[in-house]
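# Residue-level structural notes
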Amino acid sequence: MATELHETIFMAKQERHKNLFLNYRNLIQFPVELLKDEGLQFLERLYMKRNSLTTYLHSNNIVIVPQAIGNLARLQSLDLSNNALQLLCPEVGRLRSLRHLRLSNNHLKSLPAEIGDLQELETLDVSMNQLISLPDRLHRCVSLQNLTADRNHLSHFPRQICWLHRLNQLSMAANRLTFLPLDLGRSRELQFVFVDNNVDLKGLPSFLYNKVIGCSGCGVSARVSEAGLGEVLGEALSEALVGLPAEVKVVGTGTDNVVPLEELAMRTLHRMYSQRPTDLSLLPPIALPKSLLDLLQFPLGHCHRCSQAMFTIIYPKLFPLRETALAGVHRRTTVSFVAYCCSSCCLRTFDLQG
């Protein structure tokens, strides 16, 4: 087997192959000869499914292969599915031509932030791993069209993902999600969202109403509402809001006619900066905590009625799915659509089907 592998790699180098198939070879270590000498700089697609790869090749406690894989500058497709990877090296961010990265069915607990450097990446499949979070910088993958993260341990994912304006399909079934970003579905390009079997998830942003969604098995667990919230908003709505981002300081109602001063100030600053074609990091420093500066760049969400950016307050309105036109399609779920508005006025006038 070793001789055959060596000959396969040797021929690929000699003939400057663009595709290399190393599937089903019972490999337990990444073949170092792939990354030595010249010849494979023309490689565009590398397939290594159904092996037994682990992350490390140890030599004096230096991780050899992960650093070297970044040299495959023309690589467009990398498939390492169905292995035993526990860690993905930061050098993957150097694969600037990479369009398809498949890492499903491994033992990954995290992803390197450098994945955000893959601006040509169109497909990312990290399903069937042990991920508890996704990189905040994932929104920099501006070409990403298909993101699959089914069957992990995700309780949330970055709202910055809503800034992926080419994302067409998002699948996060069978995780531990309790809350979805307010702006999820706001992009017209995003048409398919699958969050099936997240048993604690009881609220879907109303932007998803006209999308193709999968939510079977959601909202079936019994949860205890936050103290006091159920009395003010109603039990069903308070359950849908479990997992609200920490930035939300106030949950408004239809009788609240005055928006807090802090929220008004943030909206004013946002309008000022959104008219300037420069990055916030290049602007003069402002006397605000970094957390609020980050929030200024990536608002909590946008009003589902008028698109006003929101930062510290939301006005939610509940629409049980079973009472909508989609009730016949989604029968095994108790979720509701939630419209997040910027004021009591927008809350009163919002119409899910309008």
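Our subject is the structure listed above.
Overview of the structure. (Residues numbered from 1 in each chain as written. Predicted model: local features only at pLDDT ≥ 70, side-chain atom pairs only at ≥ 80, totals over all residues. Heavy atoms only, no water.)

A word on the overall build of the protein. Secondary structure summary: the protein contains seven helices and 17 strands in total. Sorting the 354 residues of the protein into buried and exposed places 53% on the buried side. Sequence separation of at least 24 residues holds for 48% of the intrachain contacts in the protein that already meet a minimum separation of 6. A total accessible area of about 17,300 Å² is found for the protein, and carbon and sulfur atoms account for 50% of it. (Helix = DSSP H or I, 4+ residues; strand = E, 2+ residues; numbered from the N terminus. Buried < 20%, exposed > 50% of the residue type's maximum accessible area, 1.4 Å probe, protein only. Contact = heavy atoms within 4.5 Å. Areas by Shrake-Rupley, 256 points an atom, 1.4 Å probe, with all protein chains shown as cover.)

Taken in spatial order, the four strands of this open sheet run E11-E17-E16-E13, and their pairing is mixed. Two strands in the sheet have a free side with no partner beyond their single neighbour: strand E11 (203-205) and strand E13 (250-251). Summarising the sheet, strand E16 (residues 313-320) and strand E17 (residues 336-341) pair through six bridges and their orientation is antiparallel. Note on E17: the bridge partner recorded for Pro316 is Tyr340. (Pairing = 2+ DSSP bridges.)

Between the first and last C-alpha of helix H5 (residues 261-274) there are 20 Å, a value that for 14 residues agrees with the 20 Å anticipated at 1.5 Å per step. For H5, the set of buried residues is Glu263, Met266, Arg267, Leu269, His270 and Tyr273. An end-on view of H5 places all buried positions within 165 degrees of arc, on one side of the element. On its buried side, H5 packs onto helix H6 (290-297), strand E15 (309-310) and E16. (Expected span 1.5 Å × (residues − 1). Arc of directions from axis to C-beta.)

This brings us to the sheet that holds strand E12 (residues 212-214). Here nine strands make up an open sheet; going across it, the order is E1-E2-E5-E6-E7-E8-E9-E10-E12 and the pairing parallel. Edge positions in the sheet fall to strand E1 (19-21) and E12, since each has one partner strand and no second. Taken pair by pair, the neighbouring strands of this sheet meet at an average axis angle of 5 degrees, ignoring direction. (Axes fitted to C-alpha atoms, helices over the stretch in contact; angles between N-to-C directions.)

The next subject is the side chain of Lys211. Secondary-structure assignment places Lys211 in the loop between E11 and E12. Among buried Asp, Glu, Lys and Arg side chains, Lys211 stands out as unpaired, with Glu189 the closest opposite charge at 8.8 Å. Engagement of the side chain of Lys211 in a polar contact is seen with the backbone oxygen of Leu190, the distance being 2.8 Å. Not counting residues up to four positions away in its chain, the partners in contact with Lys211 are Gly185, Ser187, Arg188, Leu190 and Gln191. (Lys, Arg positive; Asp, Glu negative; His and termini not counted. Salt bridge = Lys/Arg side-chain N within 4 Å of Asp/Glu carboxyl O. Polar contact = N/O pair within 3.5 Å; in protein donor to acceptor, adjacent residues only side chain to side chain.)

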